[in-house]
Amino acid sequence: MENVIQTSLTQKIFRIVLAVFMIYAGFSHLTFNRVDFQAQVPDWLPMSKDLVVILSGIVEMALGLALLFWKNQRVNIGWTLAIFFILVFPGNVAQYLDGKDAFGALNSDRARLIRLFFQPVLIAWALWSSGAWTAWRNAKK
């Protein structure tokens, strides 16, 4: 599979927005939203919630920076980011099931439920904007 796929201007814009979002989210894990992100760590996870938030924040910033600057690995980064979004999804489900509030906006079951449906959008966004989806389709031909 190819590591670099030519993407459109629209894909590039969406990739940059996603990368900046990831860097911002990672930074917020380490600073002003640290406690709110701990609400997403499932109680069944046998690790310190704070450690999980710190590590995931570092990973988010690294993925955002990589997506922004590591052009020759963009396809692999897109797949890695999609997998990351899948791996953190149980935390979003746990937050919904446990009814834990966070960020001011996730203060109702309805808001937490709606958020669950945004996760597939993030996965598709990572795969599409990085060219990973196109590389996968090309490899199948």
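Residue positions are counted from 1 within each chain, in the order its sequence is given. In view of the model being predicted, local features appear only for residues whose pLDDT reaches at least 70, and side-chain atom pairs are presented and counted only at 80 or more, with totals across whole chains, interfaces and linings using the full set of residues. Side-chain measures were taken over the full set of non-hydrogen atoms in the model, leaving aside hydrogen atoms and water.

Before we go on, may I ask you to explain the environment of V75 in this structure?
In this text, helices come from DSSP runs of H or I with a minimum length of four residues, and strands from runs of E with a minimum of two, each type numbered from the N-terminal end. With respect to the secondary-structure elements, V75 resides in helix α4 (residues 74-98). The cut-offs for exposure are 20% and 50% of the maximum accessible area for each residue type, with area from a 1.4 Å probe on protein chains only; residues under the lower value are buried, those over the upper are exposed, and the others partly exposed. Given the relative accessible area of 0%, V75 is considered buried.

What exactly am I supposed to notice about the packing of helix α1 (residues 9-30) against α4 here?
Any two packed helices are characterised by the angle at which their axes cross and by the distance between the axes. Put simply, α1 and α4 touch, their axes get as near as 13 Å, and they point 50 degrees apart. In terms of their interaxial angle, α1 and α4 are classed as oblique. Judged by the twist between their axes, the crossing of α1 over α4 is left-handed. In this structure, α1 uses R15, L18 and M22 to contact α4, whose residues at the interface are R74, L81, F84 and F85. Along the lines of polarity and charge, the residues of the contact of α1 with α4 split into 5 nonpolar, no polar and 2 charged. A fitted line through C-alpha atoms serves as each axis, taken over the contacting stretch for helices, and the angle formed by two N-to-C directions is quoted from 0 to 180°. Angle categories are assigned with fixed cut-offs, so that under 35 degrees is roughly parallel, over 145 is roughly antiparallel, 65 to 115 is roughly perpendicular, and the rest are oblique. Note on convention: near helix rotated counterclockwise from far helix by under a right angle means a left-handed crossing. Clockwise means right-handed. Residues are treated as being in contact if the distance between any of their heavy atoms lies within 4.5 Å. Polar here means any residue outside two lists: the nonpolar Ala, Val, Leu, Ile, Met, Phe, Trp, Tyr, Cys and Pro, and the charged Asp, Glu, Lys and Arg; Gly therefore counts as polar.

How should I be thinking about a nonpolar patch on the surface in this particular structure?
Residues enter a patch when their relative accessible area is above 30% and they make no salt bridge; the linking distance is 9 Å between like charges and 5 Å between nonpolar side chains (Val, Leu, Ile, Met, Phe, Trp, Tyr). Areas reported here follow the Shrake-Rupley algorithm with a probe of radius 1.4 Å; residue values treat only the protein chains shown as occluding. When a carboxyl oxygen of Asp or Glu is within 4 Å of a side-chain nitrogen of Lys or Arg, the pair counts as a salt bridge. A surface patch of nonpolar side chains, amounting to about 480 Å² of accessible area, comprises L9, I13, F14, V17 and W128. Here the nonpolar patch takes 4 residues from α1, the largest share from any one element. With respect to the secondary-structure elements, F14 resides in helix α1.

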